[in-house]
Amino acid sequence: AATKATEQAQMEAQKATEKTKAAEDAQMEAEEAQKAAEMAVEEAEKTAEEAQMEAEKAEKVTEEAQKSAEAATKATEQAQMEAQKATEKTKAAEDAQMEAEEAQKAAEMAVEEAEKTAEEAQMEAEKAEKVTEEAQKSAEAATKATE
C-alpha cells in the first residue's frame, strides 16, 4: 500500500511538474505576445504620426498650388488686359493710317487741282497777251490812219 501510495504521489508530482512547465511556457508566450502587441502599438503610433506629417505636407503643397493657380489666373487676366490694350492700340494705329492715307489722297487731289488751275491761268494769260497785242496793233493802225 505504501509503495502504491508512493507511486501515486510520484505520478501526481510528475503531472504537477508538467503542468508547472506548461504554465511557465504559457506565461513566456503571453509575455512575448504582450511585447509583440506593444511593438505593434508603437509601430501604429509611428505610422499615424508619419501619416499626419504627410497629410500636413500635402496640405501645404495644396495651399502652394492654390496660390500658384491664383497667381497664374491673375497673370492670365493681366495678359488678357494687355492684349486688349494692344488690340485697341493696333485699331487706333490702323485708323490713324487710314486717316493719313485719306489726307495724302486729299493732298494729291489738291496738288492736281492747283496744277490744273495754274495751267488754266497760264492759258488765260496767253489769251490776254494776244488780245493786248491785237489791241496794240489796232491802236497803231488807228494812229496811222489818223495821221
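Because the structure is a prediction, the values reported are computed rather than measured.

For the rest of this paragraph, the subject is the overall build of the chain. Check the secondary structure of the chain and you find 1 helix and 0 strands. Expected size for 147 residues packed as a compact globule is a radius of gyration near 15 Å; at 62 Å, the chain overshoots this value by more than 25%. Within the chain, buried positions represent 0% of all 147 residues. Approximately 13,500 Å² of the chain is accessible, and the part contributed by carbon and sulfur atoms is 57%.

Once that is clear, we can look at the pattern of salt bridges. A full pass over the atoms with the stated rule returns 5 salt bridges. Of the charged contacts in the structure, one is a salt bridge between K21 and D25, with a shortest N-O distance of 3.1 Å. Note that K21 and D25 are positioned in helix α1 (residues 2-146) at a spacing of 4 residues, about one turn of the helix. With relative accessibility at 46%, the residue K21 sits in the partly exposed group. Note that D95 and K91 form a salt bridge whose closest N and O atoms lie 3.0 Å from each other. Note that D95 and K91 are positioned in helix α1 at a spacing of 4 residues, about one turn of the helix.

Further remarks concern a negative patch on the surface. There is a patch of like negative charges on the surface, built from E38, E42, E43, E45, E49 and E50. Position of E43 relative to the elements: it lies in helix α1. Judged by relative accessible area, which is 46%, E43 ranks as partly exposed.

Relative to the helices and strands, K15 resides in helix α1. Taking relative accessible area as the criterion, K15 reaches 43% and is therefore assigned partly exposed. For K15 and K60, which are 45 residues apart along the polypeptide, the C-alpha to C-alpha distance reads 66 Å.

Let's shift gears to the environment of E18. Looking at the secondary structure, you find E18 in helix α1. Taking the C-alpha atoms as reference, E18 lies 21 Å from E32; in sequence the two are 14 residues apart.

Basis of the calculations
- Residue positions within a chain follow its written sequence, with the count starting from 1.
- Side-chain atom pairs in this predicted model are given and counted only at pLDDT of 80 or more, local residue features only at pLDDT of at least 70, and totals for whole chains, interfaces and linings cover all residues.
- Computation of side-chain values covers all heavy atoms of the structure but excludes hydrogens and water.
- Helix and strand assignments come from DSSP, with helices taken as H or I runs of at least 4 residues and strands as E runs of at least 2, each series counted from the N terminus.
- Here the globule rule is a power law, 2.2 Å times the number of residues to the power 0.38, and the radius of gyration is based on C-alpha atoms.
- Accessibility here uses a 1.4 Å probe with only protein chains present; expressed as a share of the type maximum, an area under 20% marks a residue as buried, one over 50% as exposed, and anything in between as partly exposed.
- Accessible surface area values rest on a Shrake-Rupley calculation with a 1.4 Å probe, where residue burial reflects the displayed protein chains alone.
- Between Lys or Arg on one side and Asp or Glu on the other, a salt bridge is scored when a side-chain nitrogen of the former is within 4 Å of a carboxyl oxygen of the latter.
- Patch membership requires more than 30% relative accessible area and the absence of a salt bridge. Residues of like charge join within 9 Å; the nonpolar side chains Val, Leu, Ile, Met, Phe, Trp and Tyr join within 5 Å.
- Neither His nor the chain ends contribute to the count of charged residues, in which Lys and Arg are positive and Asp and Glu negative.
- Taken as the charge centre is NZ of Lys, CZ of Arg, CG of Asp or CD of Glu, depending on the residue.

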